[in-house]
Amino acid sequence: MPLGIKLPLRPREIPLAYKDEGHSLEIGLIPLQIGDVRRWDEQAWHVAHVDTYSPSTETNNCFSVAILTPDGTLANPLSLRVGDQRLLHLYFSSEDFALTWPEPSECLPHIGKEAPPLEGWQVERMHEFVGDSTDALYDRVLICWCIPIWTTADSTAA
């Protein structure tokens, strides 16, 4: 079943160079094509840019990140990068998901440590992905699978 996560980014997160109503990201296993249309929030969103990410280890997993805009144009996709490290972290739990663009290296996720955007959850396992092209928005994408902190505390107490 395709993974389709729609992540609307609001105007406060949009660089000044981009003068539209906003943009949105869609992460999926089946890559979208430039010009494809998605509808949500009672609006049509057109794919303006697509990046593909493959694992840094030997597996067959990969996914794409599509940038969608109301009119299908994006002046400069590189201007959407956040920070010097160009990292995207996705945290998944059984109840929620979150994404972050942490800047300082001390904010990197670690297995067994708390997942900052998901209170009460910790990183159980992590997978690293890299962009397939030099103009990808992110150098690395870290996918963090999280479990409740109390689950770990219960297992160590037994």
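Here we look at the overall build of the protein chain
Along the protein chain, the regular secondary structure elements total 1 helix and 9 strands. Mapped in sequence order, the helices and strands of the protein chain form the string β-β-β-β-β-β-β-β-β-α. Within the protein chain, the proportion of its 158 residues that are buried is 39%. The long-range fraction of contacts in the protein chain, counting pairs at least 24 apart against all pairs at least 6 apart in sequence, stands at 51%. Within the structure as shown, the protein chain displays about 9200 Å² of accessible surface, and the carbon and sulfur contribution to it stands at 53%.

Topic: the nonpolar core
Membership of the largest hydrophobic core comes to 17 residues, with the highest contact counts inside it found for Tyr-53, Phe-63, Tyr-138, Val-141 and Ile-143. Of all the elements in the fold, those that place two or more residues in this core are β2 (23-28), β4 (43-55), β5 (63-69), β6 (87-92) and β9 (140-148). Look past the residues within four positions of Tyr-53 in its chain and what remains in contact with it is Cys-62, Phe-63, Val-65, Phe-129, Val-130, Gly-131, Asp-132, Ala-136, Leu-137, Tyr-138 and Val-141. One finds Tyr-91, Ala-98, Ala-115 and Cys-144 within the second-largest nonpolar core, a separate group that totals 8 residues.

A look at the pairing of β9
Among the 9 residues that make up β9, 7 are buried, leaving the element largely enclosed by the rest of the structure. Relative to β9, β6 runs parallel, the two sharing 6 bridges. Along β9, the bridge assignment pairs Leu-88 with Val-141.

Brief notes about the confidence of the model for the protein chain
For the protein chain, the average pLDDT comes to 75, and 70% of its residues sit at 70 or higher. When pLDDT is averaged over each element of the protein chain, strand β8 (residues 121-131) comes out on top at 92 and strand β1 (residues 4-9) at the bottom at 43. Contacts of residues 1-21 to residues separated by more than four positions or lying in other chains number 43 contacts, the stretch itself having pLDDT below 50.

Regarding the environment of Pro-70
The topology assignment puts Pro-70 in the loop between β5 and β6. Exposure remark for Pro-70: the relative accessible area of 16% places this residue in the buried category.

Notes on the pattern of salt bridges
Counting across every chain of the model gives 1 salt bridge. Across the salt bridge formed by Glu-128 and Arg-140, the nearest N and O atoms sit 3.5 Å from each other. Here Arg-140 lies in strand β9 and Glu-128 lies in strand β8, a separation of 12 residues in the sequence. Given a relative accessible area of 27%, Glu-128 falls into the partly exposed group. Using a relative accessible area of 26% as the deciding quantity, one classes Arg-140 as partly exposed.

So, the packing of aromatic side chains
Using the criterion set out here, one finds 5 aromatic pairs in the structure. Taking the centre distance of 6.4 Å and the plane angle of 40° together, the rings of Tyr-53 and Tyr-138 count as tilted. With Tyr-53 in strand β4 and Tyr-138 in the loop between β8 and β9, this pair connects stretches of sequence that are 85 residues apart. The buried category is assigned to Tyr-53, whose relative accessible area is 0%.

Each value, and the rule that gives it
- Residues numbered from 1 in each chain as written.
- Predicted model: local features only at pLDDT ≥ 70, side-chain atom pairs only at ≥ 80, totals over all residues.
- Heavy atoms only, no water.
- Helix = DSSP H or I, 4+ residues; strand = E, 2+ residues; numbered from the N terminus.
- Buried < 20%, exposed > 50% of the residue type's maximum accessible area, 1.4 Å probe, protein only.
- Contact = heavy atoms within 4.5 Å.
- Areas by Shrake-Rupley, 256 points an atom, 1.4 Å probe, with all protein chains shown as cover.
- Core = buried A, V, L, I, M, F, W, Y, C linked by side-chain atoms within 4.5 Å.
- Pairing = 2+ DSSP bridges.
- pLDDT = per-residue confidence, 0-100.
- Salt bridge = Lys/Arg side-chain N within 4 Å of Asp/Glu carboxyl O.
- Phe/Tyr/Trp six-rings, centres within 6.5 Å; stacked < 30°, edge-to-face > 60°.

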